[in-house]
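Tertiary structure, described
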Amino acid sequence: MYIAYDVKNGVEYAKLFTSKRDGHSTFKDYCNLGRVLDKDRGIYQNRERSVFAYDLESNTYKGAPAEVKPFERGKRKAPLILDFGDAFFLDAFIRKNGLFAAMDAIGHSNPDTLKAMVFFYVLCPLSNRHAHDWWEGSYAKILYPNASLSSQRVSDFLAAAGDEYSQREFFREYFNLLEKSGSRTGNILIDSTGLPNSIHFPLTAISNHNGEVSSEVRLIYVVQQNTGLPIYFRYCPGNAVDATTLVRCLAELKEQGVNTKFAILDAGHYMEENINEFYASKVSFITRLKENLKLYKELVAEHLGALESRENLVEYNGRHVYLKRVACQLGGNSAYAYVGLDIDRKSSEARKTFQRAKGSKLTNSEVFDAIQKQGLFILVSSRRIALEKVLPLYYTRQQIEQVFDIGKNCADMLPLRVHTEETFRGHLLVTFIATVILKKLQDTLKNTPITPMSLFLNLRNQKCKVYQDKVITQEAFKKANDCYKLLGVKCPVSIPYKQVCG
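Quick notes on the rules
- Residues numbered from 1 in each chain as written.
- Predicted model: local features only at pLDDT ≥ 70, side-chain atom pairs only at ≥ 80, totals over all residues.
- Heavy atoms only, no water.
- Phe/Tyr/Trp six-rings, centres within 6.5 Å; stacked < 30°, edge-to-face > 60°.
- Buried < 20%, exposed > 50% of the residue type's maximum accessible area, 1.4 Å probe, protein only.
- Helix = DSSP H or I, 4+ residues; strand = E, 2+ residues; numbered from the N terminus.
- Lys NZ or Arg CZ within 6 Å of the ring centre and 35° of its normal.
- Core = buried A, V, L, I, M, F, W, Y, C linked by side-chain atoms within 4.5 Å.
- Contact = heavy atoms within 4.5 Å.
- Pairing = 2+ DSSP bridges.
- Axes fitted to C-alpha atoms, helices over the stretch in contact; angles between N-to-C directions.

Examining the packing of aromatic side chains
Inspection of the entire model under this criterion finds 31 aromatic pairs. For the ring pair Tyr54 and Tyr61, a centre distance of 4.8 Å and an interplane angle of 50 degrees mean the geometry is tilted. Under the relative-accessibility criterion, Tyr54 is labelled buried at 5%. An angle of 70 degrees between the planes, with centres 5.7 Å apart, marks the rings of Tyr221 and Phe432 as edge-to-face. Taken together, the residues span a long stretch of sequence, with Tyr221 in strand S10 (residues 212–224) and Phe432 in helix H15 (residues 421–444) at a distance of 211 residues. Feature note: the residues Phe170, Phe171, Tyr174, Phe175, Tyr221, Tyr232, Phe233, Phe404 and Phe432 constitute an aromatic cluster, connected by ring pairs. Taking the ring centre of Tyr30 as reference, the NZ or CZ of Lys15 above it sits at 4.6 Å. Of note, Lys141 hangs over the ring of Trp135, and the distance from its end group to the ring centre comes to 5.3 Å.

Quick notes on unusual backbone geometry
Cis rather than trans, the peptide bond between Leu414 and Pro415 has omega equal to -5 degrees. Assignment of secondary structure puts Pro415 in the loop between helix H14 (398–409) and H15.

Quick word on the nonpolar core
By size, the foremost hydrophobic cluster in this structure holds 137 residues, and its most contacted members are Phe89, Phe119, Tyr139, Tyr174 and Phe424. Here this core takes 11 residues from H15, the largest share from any one element. Each residue touching Phe119, except ones within four places of it in the same chain, is listed here: Ala87, Leu90, Asp91, Ile94, Phe100, Cys124, Trp134, Leu143 and Tyr144.

Focus: the sheet that holds strand S7 (residues 81–83)
In space, the four strands of this open sheet follow the order S7-S18-S19-S20, with antiparallel pairing throughout. Of all the strands in the sheet, the pair left with one neighbour each is S7 and strand S20 (494–496). Adjacent strand axes in the sheet meet at a mean angle of 25 degrees, parallel and antiparallel pairs treated alike. Here strand S18 (residues 463–466) pairs with strand S19 (residues 470–473) via three bridges, running antiparallel. Residue pairing across strands places Val466 opposite Val471, the latter belonging to S19.

Here it is, written out as structure tokens:
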């Protein structure tokens, strides 16, 4: 533990550094002591403690001697013109969808900080150290005047939001909200994604996922099938195998009161333990078999020859596929396999094989053997499903990829800029909330040429002027007006302070 000093603009400041151990590695954490008033006597001044004395040897804080007067800072002029439209619209959209109730359930001691940080994750792509600067120039400052967004306070907020009790309370209220809106059903999609991370804490591990090696944390999302909304998340070390995470996911959902009826799974989650758990829990499922599995090879050997027949031809999304349903056994349980042949994919892969054959000098026999199993796929399900419904059902799992794209590209999920598991948990919760908001907004804009990012960019161009007791909005450009009209939001001419702060 030691104190480091730095001079900025002719003023000396102090930071208290502490070495902390995380497993086999150490890192330095620090807190700002603030402006140095008397270096010899260890007297400092900051916003949190005002004027105080700190003793490094005993690591104690105490009041400063009466003769030490605080430095009187000249009052900083507050911005009189703020970015208005984006924050105003976002506030109206969240209220319309009832999400503030779930956010309030987190129970953070400063609700303004929580809401301002959610706004920051949605509206600004910069790192959290820029949160206060963004807030200073945004209408969010009027909406949430008590927000504390300095770097240290943001870290404290994330650690508090990462508390397990807070997160359970959030999900309890969020599930209630889904129930009230009529969108909560038992059909879910489950998948995971890697969050590349070079920060040393226990969750970081070397992962080899689908042949890609990286240092990461594994994030698991549960998405509602009929709406595509994320409804839950878990995380685990980056080296955890997908197949081992599914049983725990179902167990946590059950304890949270989510009645899962049907699950659509990625192929990586297929293993006997998971399948048996689904049967024991009476949860129906559908998933894809990997080509290296014994069951896959047996089904291909038995049914490939008779697959291309008139009764097996089905149409999906403008393409035609041969699909045959056969009974099978999964871990001793009755199930159904759907042996399929994608005609377009077979044709594409065959062309590549023909081109490769020229350079590799493959024989006709080798080429024939290579193209026999191209375009093949096998889905297995505990439920008997009409052939024309199998592919539309299974490929709804693409929705979870869209959710991950929103989180990573628009909701500040990456890159990770946290140093402890507590702040990491809080970060994931805020990105989850931001992803829910953006997914709802994306669905609202689905049949329009507008995206959430372009909407906020256009709305940000509308400014407001701040007066002593009210905010006067400036004229909105045509694109901003189109955004307001599209979602039925009315922009007022003026807003009294007591209305937005109360």
